[in-house]
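Descriptive analysis of the structure
Residue-level listing of the chains:
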Amino acid sequence: MDYRKPSERKSMHARIVQELGMHIVSGRFPPDQKLPPEASLCEEYAVSRPVLREATRVLVAKGLVYSRPRVGTVVKARREWHLLDPDVLHWVMHTTPQNEFFALLTSVRAIIEPAAAALAAQQATAEDVALIGEAYQRMEAAQSPEALLQPDLDFHSRIADATHNDLLAHLCNMLTLALREALKHSNQRPNLQEFAMPRHKAILTAIENRDPLAAQHAALVQLDDARNALNVVLGKQLGL
């Protein structure tokens, strides 16, 4: 179920999950604090206890809270949250200043993506390389930042798939929601094609040449450019 944009017809269950989740990640309900009593929340949302408890179970599954008899529902420490859960990640994105969140994301990308590119250069099949190349060709053909977005995402996801490391590919896939948001901003930079295309092409060429060191370096250069693009678009320095 998608809790991120519940319509008026969505169940109260979905609304409760989203609103309480947002309150937790925003700090309105800080770690070690109890959520309001069941009776209070049932009255606020005009729902029965079973509906509220089902919503609470979702928050428990996402690592945001724990619930104990005679204790109540308590917010967990941030380090225990399932931050790569799509809903939790969405809530964090929308309750964190943009420059702060994108700095966090870019630092994680700088650890993962160069290693993924290097491994792809070693492990990619001919079909993998062709798929990465096809995504790059669609990037080149894109006539607007909006048209560029999906090919750009595909380019990076196909590199992750080409590592043939399921854990690494899954980790990259879990970051797609955040990456999509970052690309929506960075791709608004003027002269986008002039800056972005050569750097992505260098990654592709290194993978085609089976050169892991060149692929790693090219990915680092591309990420540095992505950081600069965000700085330009946001008008702020990412504190890395």
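Residues numbered from 1 in each chain as written. Predicted model: local features only at pLDDT ≥ 70, side-chain atom pairs only at ≥ 80, totals over all residues. Heavy atoms only, no water.

For Ala46, which is not glycine, the phi dihedral falls at a positive 55°. As for its placement among the helices and strands, Ala46 is situated in the loop between α2 (38–45) and α3 (49–61). We classify Ala46 as exposed; its relative accessible area is 67%. With phi around 65°, Arg70 is a residue other than glycine that occupies positive phi space. Along the chain, Arg70 turns up in the loop between β1 (65–68) and β2 (72–75). Under the relative-accessibility criterion, Arg70 is labelled exposed at 85%. (Helix = DSSP H or I, 4+ residues; strand = E, 2+ residues; numbered from the N terminus. Buried < 20%, exposed > 50% of the residue type's maximum accessible area, 1.4 Å probe, protein only.)

Two strands pair when backbone bridges link them, and β1 and β2 are joined in this way by 4 bridges, in the antiparallel orientation. By the bridge assignment for β2, Arg68 is matched with Gly72. If you look at the hairpin formed by β1 and β2, you'll find 3 residues sitting between the two strands, and Arg70 has a positive phi there, around 65°. (Pairing = 2+ DSSP bridges.)

Time to look at the nonpolar core. Leu20, Ile24, Leu59 and Leu64 are the most contacted members of the largest nonpolar core, which totals 37 residues. Within the residue set of this core, elements represented by two or more residues are α1 (12–26), α2, α3, α4 (86–93), α5 (98–123), α8 (166–174), α9 (176–186) and α11 (212–234). Formed by 24 residues, the second largest nonpolar core is a distinct cluster that contains Val129, Phe155, Ala206 and Ile207. (Core = buried A, V, L, I, M, F, W, Y, C linked by side-chain atoms within 4.5 Å.)

All right, on to the packing of aromatic side chains then. On inspection of all chains with the given rule, the structure shows 1 aromatic pair. When the centroid spacing of 6.0 Å and the interplanar angle of 65° are considered together, the rings of Phe101 and Phe102 count as edge-to-face. Given a relative accessible area of 6%, Phe101 falls into the buried group. (Phe/Tyr/Trp six-rings, centres within 6.5 Å; stacked < 30°, edge-to-face > 60°.)

Turning next to empty space enclosed by the protein. Under the defined criterion, the tally for this structure stands at 1 cavity of 30 Å³ or more. Looking at the largest cavity, its volume works out to about 100 Å³. The wall of the largest cavity is formed by 13 residues, among which Ser186, Asn187, Ala196, His200 and Gln222 lie closest to the centre. Elements that contribute at least two residues to the lining of the largest cavity include exactly α7 (145–162), α9, α10 (192–208) and α11. Sorting elements by how many residues they give to the lining of the largest cavity places α11 first, with 4 residues. Of the residues assigned to the lining of the largest cavity, the class counts are 6 nonpolar, 4 polar and 3 charged. (1 Å grid on protein atoms, 1.4 Å probe; cavity = no way out; pocket = protein on both sides within 12 Å on 5 of 7 lines; lining within 4 Å. Points joined across faces, edges and corners; volume = space filled by probe spheres on them. Nonpolar A, V, L, I, M, F, W, Y, C, P; charged D, E, K, R; others polar.)

That's the geometry; what it means functionally is another story.
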